[in-house]
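Next come the chains, spelled out residue by residue.
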Amino acid sequence: MTNSEISSINQNGTHMSEQENAKPSSLSDVAANRAEKKVAGTAPLGTGLEARGVHAWFDKHHALEDVSLDFSAGTVTALIGPSGCGKSTFIRTLNRMHEFIPNTSMAGQVLLDGKDIYEPGIDVTKIRLQIGMVFQKPNPFPSMTIGENVLSGLKLAQLKVSNHEELLEECLTRAGLWTEVKDRLGAHAGGLSGGQQQRLCIARALAVKPKVLLMDEPCSALDPGSTLRIEETISQLSKSMTIVIVTHNMQQAARVSDYTAFFLSDGGPGQMIEMGPTNEIFSRPRDQRTENYVTGRFG
Amino acid sequence: MQSTVKPIRPWAASPRDRALTATSVALSVLASFLVVAVTPMKGKLAYAFVFFIAWLVIDSVLVIRKSGMKGVRDGLAAKITLLGGALVMMAVASILWSVISRGIKGINLAFVTENMRQASLFDPIGKGGILHAIFGTVLLIVIAIIFSVPMGILTALYLTEIKGRAAGLIQFLVQAMSGVPSVVAGLFIYAAIILNTPLRASSFLGGLALTILMVPTVTRTAQEVLNLVPRDLREAGLAMGATQWKTVALVVIPAARSGLITATILGVARIAGETAPLLFTVGTFDSYNFNPVKGENTAIPIIVWRALNGGSPESVQRAWSAILVLLIVVLALFIAARALGTKAMKK
């Protein structure tokens, strides 16, 4: 890939689509296969999402220590690590959901397109509008139909959209759910299966057109079939937005991400141990602890 | 091919189990007759008491061979629970029974279609009615709902969603208010408004007195149902760039809707039968008064109070019949609220 291609990726926040034909055999092969499509390198300052020295506390408990990570526009970054290492806490600091839990605090900066989202006076609802989130447990709104769920963001965030039907179909299609629900948009969302509910939540998050989508273990409650559908959805979405995904499934990290960051807590606050292109993290990690984790020696 | 397997319920009681239960009940009945016959104990209560004790013992003996001490403990706990339930149900049934059996005698067409303008409480049954008091009660309840439901739900939202600085104080006040004797609510309105402003006793002031009693009930129930809404849903709303207000209005309240209707119903149940707060605030009137802010009015509990104080057989009969009508009015309001709630749900 040439430099001009790199810059075009970074400027547009999109990728070239390439066919993925080879059957992967190992984790690093899978990752390497993906990496060919994208470019390894440092994130350009001023675009995408950048975390600068982020700490997080719950009351007095120091949960996360000094994490700096760049998520360049149009990439998929996986956060891996054992339970309790601060991945979910970190992802929640990225769209200011962390402060929603009482008695929490944080330190550091999170820059969206170069602007600190924690700056005093910033409109936090605007931030969350640009940085969407999909949660671990599917949480469609129980009082709304499938269609209303997808479009709920318009009402919630008070956005004006001229063509509701078009947006509805677009979001559901991008979330890979359209063909399954197009005949029952007026049905209650509770009647969908867990995997469908989760894709509905993705469609709902897409309807407000976020620049960044944060996914906190989106597949942990799902069967392999639904997981596959959601992974396909992530690959589709990564063409037009920045995605950060927390996952416990290393196969999944290898399949969907361009970059991987490994988090670990040695009893104290969680730290980011190592971050790099996914194929490097899985084939030749620089840190011994990363190697131990990705090869399954612990965690 | 049709399956030939017959569906069975291996967990259900077998014929042998049922026979054992029947035996122990029969033996206990027998024992109760025997004991009452040979001891000085007398009356229905004695039969019930002996039966229960005998049943505990006999059933335990029969069960011990099959299930051991575990079965005995299970049986004891189940029977004591059953006894507790039966006692409560008996109290409720006995109240209902006395109201229905005594009230029904005074119910006739005139009683629910006429007022007391041309009749007195001491006239023979069949003359005059309490339709004006039914209207009065409904009017008072509607006024109380108009004030206390928004106030109660907003207070609950402050306590569960905003959790502002005054939350602790307000929580304390709500708890303290729910312990206010109802006559004090009436006296408060009397002292604060009737003595100090040109306003005189009216349905409006009665509704205000009832509001004082209803707000804490609505608030506490609403608070509990709002706390049941999963935090996930709130976070989903906020994560889409909604303000807290939008999240509450479009996600939290719809999710808690049926519970909020229950809160309203419980609030109405709290105030529908109140007499004391109305004595100084509504006054009394023998005909229809549809003007909520002008002129005295009446309500079914006031009629009941006055009729019971009347003392004559006709008067007391009117009191019982009025209580029955009050029960029916409140039941009708509950059914209407539930129907509205489920209709809104389906829509």
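Residues numbered from 1 in each chain as written. Chains lettered and ligands numbered in written order. Predicted model: local features only at pLDDT ≥ 70, side-chain atom pairs only at ≥ 80, totals over all residues.

Moving on: the overall build of chain A. Secondary structure summary: chain A contains 12 helices and 10 strands in total. For chain A, with 299 residues in total, the buried portion stands at 48%. Contacts in chain A between residues at least 24 apart in sequence constitute 70% of all its contacts with a sequence separation of at least 6. (Helix = DSSP H or I, 4+ residues; strand = E, 2+ residues; numbered from the N terminus. Buried ≥ 20, exposed ≤ 12 C-beta atoms within 10 Å, placed from the backbone. Contact = placed C-beta atoms within 7 Å.)

Moving on, we get to the pairing of strand β6 (residues 131–134) of chain A. Residues and elements named next belong to chain A. Side chains of β6 alternate between two faces, with I131 and M133 and G132 and V134 buried alike. Pairing analysis gives four bridges linking β6 to strand β7 (residues 212–216), with the strands arranged parallel. Following the sheet pairing, I131 is matched in β7 by V212. (Pairing = 2+ DSSP bridges.)

The next subject is the interface of chain B and chain A. Taken residue by residue, the interface counts 18 residues in chain B and 23 residues in chain A. At the level of secondary structure, the elements contributing two or more residues to the side of chain B that touches chain A comprise α8 (231–239) and α9 (244–255) of chain B. For the side of chain B that touches chain A, the element with the highest residue contribution is α8(B), accounting for seven residues. Of the residues belonging to the side of chain B that touches chain A, the class tally is 10 nonpolar, four polar and four charged. (Nonpolar A, V, L, I, M, F, W, Y, C, P; charged D, E, K, R; others polar.)

This paragraph deals with the domain arrangement of chain B. All names here are of chain B. On domain assignment, one finds that chain B holds domain 1 (16–104) and domain 2 (113–346). Just the C-alpha atoms count here: the centres of domain 1 and domain 2 sit 40 Å apart. Contact residues are listed per partner, giving five residues for domain 1 and five residues for domain 2. Partitioning the side of domain 1 that touches domain 2 into residue classes produces three nonpolar, one polar and one charged. (Domains from an automatic or database assignment.)

Attention shifts here to the sheet that holds strand β9 (residues 259–264) of chain A. All names here are of chain A. Pairing is mixed in the open sheet, where six strands are placed in the order β6-β7-β8-β3-β9-β10. Taken across any chain shown, the strands that pair with only one partner, and hence form the sheet edges, are β6 and β10 (271–277). Ignoring which end each strand starts from, the neighbouring axes of this sheet average 15 degrees apart. Sitting on the sheet, helix α8 (residues 194–206) touches β6 and β7, and the angle it makes with β6 is about 170 degrees. (Axes fitted to C-alpha atoms, helices over the stretch in contact; angles between N-to-C directions.)

Residue and element names in this part refer to chain A. The backbone of N103 shows a phi angle near 65 degrees, a positive value even though the residue is not glycine. If you trace the backbone, N103 turns up in the loop between α3 (87–93) and β4 (104–112). Notably, D113 is not glycine yet its phi reads approximately 50 degrees, a positive angle. Within the secondary structure layout, D113 lies in the loop between β4 and β5 (115–116). On the basis of neighbour count, D113 is assigned to the partly exposed category, with 14 C-beta atoms found within 10 Å.

Here we come to the pairing of β9(A). Residue and element names in this part refer to chain A. Counting buried positions over the six residues of β9 gives six, a clear majority of the element. Residues Y259, A261 and F263 line one face of β9 and the alternating positions T260, F262 and L264 line the opposite face, and both faces are buried. By the bridge criterion, four bridges tie strand β3 (residues 76–80) to β9 in an arrangement that is parallel. Along β9, the bridge assignment pairs L79 with A261.

The next thing to look at is the nonpolar core. In this structure, A203(A), I300(B) and A322(B) are the most contacted members of the largest nonpolar core, which totals 143 residues. The contacts of A322(B), once residues within four sequence positions are left out, are I130(B), I300(B), I303(B), V304(B) and A307(B). (Core = buried A, V, L, I, M, F, W, Y, C linked by C-beta atoms within 7 Å.)

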